[in-house]
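# Observations on chain architecture
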Amino acid sequence: MASQIYVDEITGSDTTGDGTIQQPYQSAAHALFVNQAISEPKLLMRSKEESDFVEITASALKKARKNADGLAKKAKKSEELKLREEQAKGAEAEKTQKKLEESKKIVLTEDSDLVKPVKAKIGNLAPLRSKRVRVSGWVHRLRDQKGIIFVDLRDGTGYLQVVLSGIVAQTYQALTLNTEATIEATGILQEVPEGKKAPGGHELIVDYWRLLGSSPGGPDSFSNQVTEKSDPSLQADLRHLVLRGETASNVLRLRSFLLRAFRESLVSHDLMEVTPPCLVQTSVEGGATLFKLDYYSQPAYLTQSSQLYLETCLPSLGDVFCIQESFRAENSHTRRHLSEYTHLEGELAFITFDDLMDHIETIICESVQKLLDSPVASALIKQLNPNFVQPKRPFKRMSYASAIAWLVENGIKRPSEDADGNIIKDEQGNPIMVDHVLGDDIAEAAERQMTDIFAVPMFLYGFPKELKAFYMKAMPGTGEGGLVYTESCDLLMPNVGEIVGGSMRISDMDELLAGYKRVGIDPSPYYWFTDQRKYGTCEHGGYGLGVERFLAWLANRYTVRECSLYPRWPGRATP
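Not measured: the values here are computed from a predicted model. In every chain, residue numbers begin from 1 and rise along the written sequence. Reporting of local features is limited, given that this is a predicted model, to residues whose pLDDT is at least 70; pairs of side-chain atoms are given and counted only at 80 or more, and all residues count toward the totals for whole chains, interfaces and linings. Excluded from the side-chain calculation are hydrogens and water; included are all heavy atoms of the structure.

### Re the overall build of the protein
We apply this condition: Runs of H or I in DSSP of at least four residues are treated as helices and runs of E of at least two as strands, each being numbered from the N terminus. Here the radius of gyration uses the C-alpha set of atoms, whereas the globule reference equals 2.2 Å times the residue count to the power 0.38. Exposure classes here rest on a 1.4 Å probe applied to the protein chains alone. A residue is buried below 20% of its type maximum, exposed above 50%, and partly exposed in between. In what follows, a contact means two residues having at least one pair of non-hydrogen atoms within 4.5 Å. Only the protein chains shown count as cover for residues, and all accessible areas are computed by the Shrake-Rupley method using a 1.4 Å probe.
Along its length, the protein carries 14 helices and 22 strands. For a compact globule of 575 residues, the expected C-alpha radius of gyration is about 25 Å, and the protein comes in at 36 Å, more than 25% above that figure. For the protein, the C-alpha atoms occupy an extent of roughly 110 × 85 × 55 Å along the three principal directions. Counting only residues that meet the buried cut, the protein has 44% of its 575 residues in that class. The contacts of the protein with a sequence gap of at least 6 include a subset with a gap of at least 24, amounting to 65%. Carbon and sulfur atoms make up 51% of the accessible area of the protein, which amounts to about 31100 Å² in all.

### Things to note about unusual backbone geometry
Cis geometry is adopted by the peptide bond preceding P394, which originates at R393 and carries an omega value of -5 degrees. Tracing the chain through its elements places P394 in the loop between α9 (375–384) and β16 (396–399). A cis geometry characterises the amide bond from T574 onward to P575, with omega recorded as -5 degrees. Tracing the chain through its elements places P575 in the segment after α14 (547–555). Notably, K146 is not glycine yet its phi reads approximately 55 degrees, a positive angle. Turning to its location among the elements, K146 is positioned in the loop between β5 (132–145) and β6 (148–154). Under the relative-accessibility criterion, K146 is labelled exposed at 87%.

### Considerations on helix α10 (residues 400–409)
Considered for burial, the residues of α10 that qualify are Y400, A401, A403, I404, W406 and L407. Each element contacted by the buried residues of α10 is listed here: β16, α11 (444–454) and β19 (458–461). Of the residues flanking the end of α10, it is G411, one or two places downstream, whose phi is positive at about 70 degrees.

### Description of the nonpolar core
Which entries qualify depends on this criterion: Only buried residues count toward a nonpolar core. Its members are Ala, Val, Leu, Ile, Met, Phe, Trp, Tyr and Cys residues joined through side-chain atoms within 4.5 Å.
Counting residues in hydrophobic clusters, the biggest one holds 50 residues, and the most contacted among them are I360, I364, L491, Y543, F550 and L554. At nine residues, the largest contribution of residues to this core is made by helix α8 (residues 353–373). By size, the runner-up hydrophobic cluster in this structure holds 24 residues, among which are I122, V151, L153 and V162.

### Here we look at the layout of surface pockets
Just so we agree on the cut-off: Of the two site types, the cavity is a set of points on a 1 Å grid over the protein atoms alone where a 1.4 Å probe fits but cannot get out, and the pocket is an open set with protein on both sides within 12 Å along at least five of seven lines, each lined by residues with an atom within 4 Å of a point. Grid points are joined across faces, edges and corners, and a volume is the space filled by probe spheres set on the points. Note that Gly is not counted as nonpolar here; it falls among the polar residues with everything else outside the nonpolar set of Ala, Val, Leu, Ile, Met, Phe, Trp, Tyr, Cys and Pro and the charged set of Asp, Glu, Lys and Arg.
The volume enclosed by the second largest pocket comes to roughly 860 Å³. Surrounding the second largest pocket, 29 residues form its lining, T227, E228, Q235, V242 and A248 being those nearest its centre. Looking at the lining of the second largest pocket residue by residue, the class counts come to 10 nonpolar, nine polar and 10 charged.

### Topic: the sheet that holds β16
Test applied: For two strands to pair, DSSP has to find at least two bridges joining them. Only the stretch in contact is used when fitting a helix axis, every axis being a line fitted to C-alpha atoms; angles between N-to-C directions are given from 0 to 180 degrees.
The strand order across the open sheet built from eight strands is β10-β14-β15-β22-β21-β20-β19-β16, with neighbouring strands paired in mixed fashion. Two strands in the sheet have a free side with no partner beyond their single neighbour: β10 (272–273) and β16. Contacting β16 and β19, α10 crosses the sheet at an angle of about 85 degrees to β16.

### Focus: the packing of aromatic side chains
The condition that has to hold: Pairing of aromatic side chains here covers Phe, Tyr and the six-membered ring of Trp, requires ring centres within 6.5 Å, and sorts the geometry by plane angle: under 30 degrees stacked, over 60 edge-to-face, intermediate tilted. In this scheme, Lys NZ or Arg CZ marks a charge over a ring once it lies within 6 Å of the ring centre and within 35 degrees of the ring normal.
Following the criterion strictly, the structure yields 16 aromatic pairs and no others. Both rings, one in F262 and one in F550, keep their centres 5.2 Å apart while their planes meet at 65 degrees; by these two values the pair is edge-to-face. Taken together, the residues span a long stretch of sequence, with F262 in helix α6 (residues 246–268) and F550 in helix α14 at a distance of 288 residues. Classification of F262 as buried rests on a relative accessible area of 0%. Residue class for F550 comes out buried when judged on its relative accessible area of 0%. Ring geometry for F470 and Y471: centres 5.4 Å apart, planes at 80 degrees, overall edge-to-face. An identical accessibility class is assigned to F470 and Y471; each is buried. An aromatic cluster of at least three residues, connected via ring pairs, comprises F262, F388, F550 and W553. Positioned over the ring face of F529 is R533, at 4.3 Å from the centre of the ring.

### Comments concerning the environment of G541
For G541, the position within the fold is in strand β22 (residues 540–546). The buried category is assigned to G541, whose relative accessible area is 0%. Contact partners of G541, with chain neighbours within four places excluded, come to G346, E347, L348, I351, L356, S503, M504 and R505.

### Overview of the sheet that holds strand β11 (residues 279–280)
Taking strand neighbours across the sheet as the criterion, the three strands line up as β11-β13-β12 in an open arrangement whose pairing is antiparallel. Every interior strand has two partners, whereas the edge strands, β11 and β12 (291–295), have only one. When β12 meets strand β13 (residues 298–302), the two strands line up antiparallel, connected through five bridges. Counted as the bridge partner of Y295 is Q298 from β13.

### Some points on the pairing of β6
With respect to burial, β6 is a largely interior element, six of its seven residues being buried. Pairing of β5 with β6 involves seven bridges; the strand directions are antiparallel. Directly across from V139, in β6, lies its bridge partner L153. Hairpin connection from β5 to β6: two residues lie between these consecutive antiparallel strands, with K146 at a positive phi of about 55 degrees. In sequence, β6 turns back onto strand β7 (residues 159–164) through a hairpin of four residues, with G156 there showing a positive phi of about 95 degrees.

Structure, rendered in structure tokens:
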């Protein structure tokens, strides 16, 4: 009895089918091709017009056999091609191995008759064209074109195209070179030919080089470790490798220029830089966000802000600023929060509230201008944020009360909360949204939505006393809604939100003591801060700027985590 083979042109599969009624083939030709060992197979077909399997017709069988012969010839040809490819690969592998063995016999020595090279950083090479130079760095990119090896070398100051040809490209080290290896290369620095491009407009024609540190290839190669599209948790684990990428390193490079610009601007306005302690025994923004530690059997904290210490410097050093780390034990995972961040803080004496906002505006605009005036920094901004728009003065200013009215008018609501601050939800588990009212703390989402609509830097000022810290100066009397407002401000930037918080400080001792009492703080540990009102008080104010947030705005980064060398957030303290 002939073997029965099932073919279903509707639901069958030539890939997974086995010819049974449960798993039929899709084509008769394939059925014959894979069952050549069967002398008289009986094909049972189901076509589009019929619902039952029936024996294949004579004409259809003839056509199927012809097509099966074609499949057999194609398979034979494919097998022959595969064999030739394997033979070619084997020959090529043998050739490569022979080439590698031969390359081990080549030992480079530097020609002592050549001009002694000038050792230089890549970023300083332009004046050394046509001279023999020596550079060291990491292999950023690598390509082999017909025996000429092109290396894009980086050393942190720039990139350089290094050309290995002839004997220097035939050594074992050259043939096994991988990205991220470190090398020292010596040769003539030449301007690239017309019509060609290379970093800096020149390339190094190498006459001698040596491998300083190897880097693995294959599965362990650098390119297989992490990319810009890798999972964020992997990028965080391998931050030390991410930093070698162009985008990450350019963000940090721009950060360096930014800090320099801030310092130059602040010093030009007669502010002196000081370095307050990070280990403290007092809070500035409330105890809930303090990192506590045991300090020789005494309670101590990582600082939330250096503001209180800056105030103590005013009588001796005049206006002062600091740029150092602040810490917030706030369990927040938003894209603009860090547990450790770089805090630029300034404190100024003998000023008014308007003077304070004018000063903040001036420092920001002058610092940005310095960056744009720098060819290197401006190129970094253009590369990272091609659509960057320089902020125009004066910045928009809106009072807190006006902002509440604007939010209501534009239908921007907030989640309803109970007496304990918990969000009230409906039966489906969604937050119940309500209008803002005077006395509300404007939520981050609403604040950012408002900022993005205005799309310009803007000061929000005059926040209610109950929402602000104990040291902030109150405006005289009561204002709208019967509330007491403070001489406080937040500077908001599009796409980021708040980047600066500032205020005038309480200058009267009795008012400061009442401030301690209002928030339940024991004034005893703050004796040194209170003394500033005892020995010659004055009207003064200050501010804190989050450097990572400012950089996120400047470089158009989605999250502040990209703007820190090794960012720290809840659950992340490595590497």
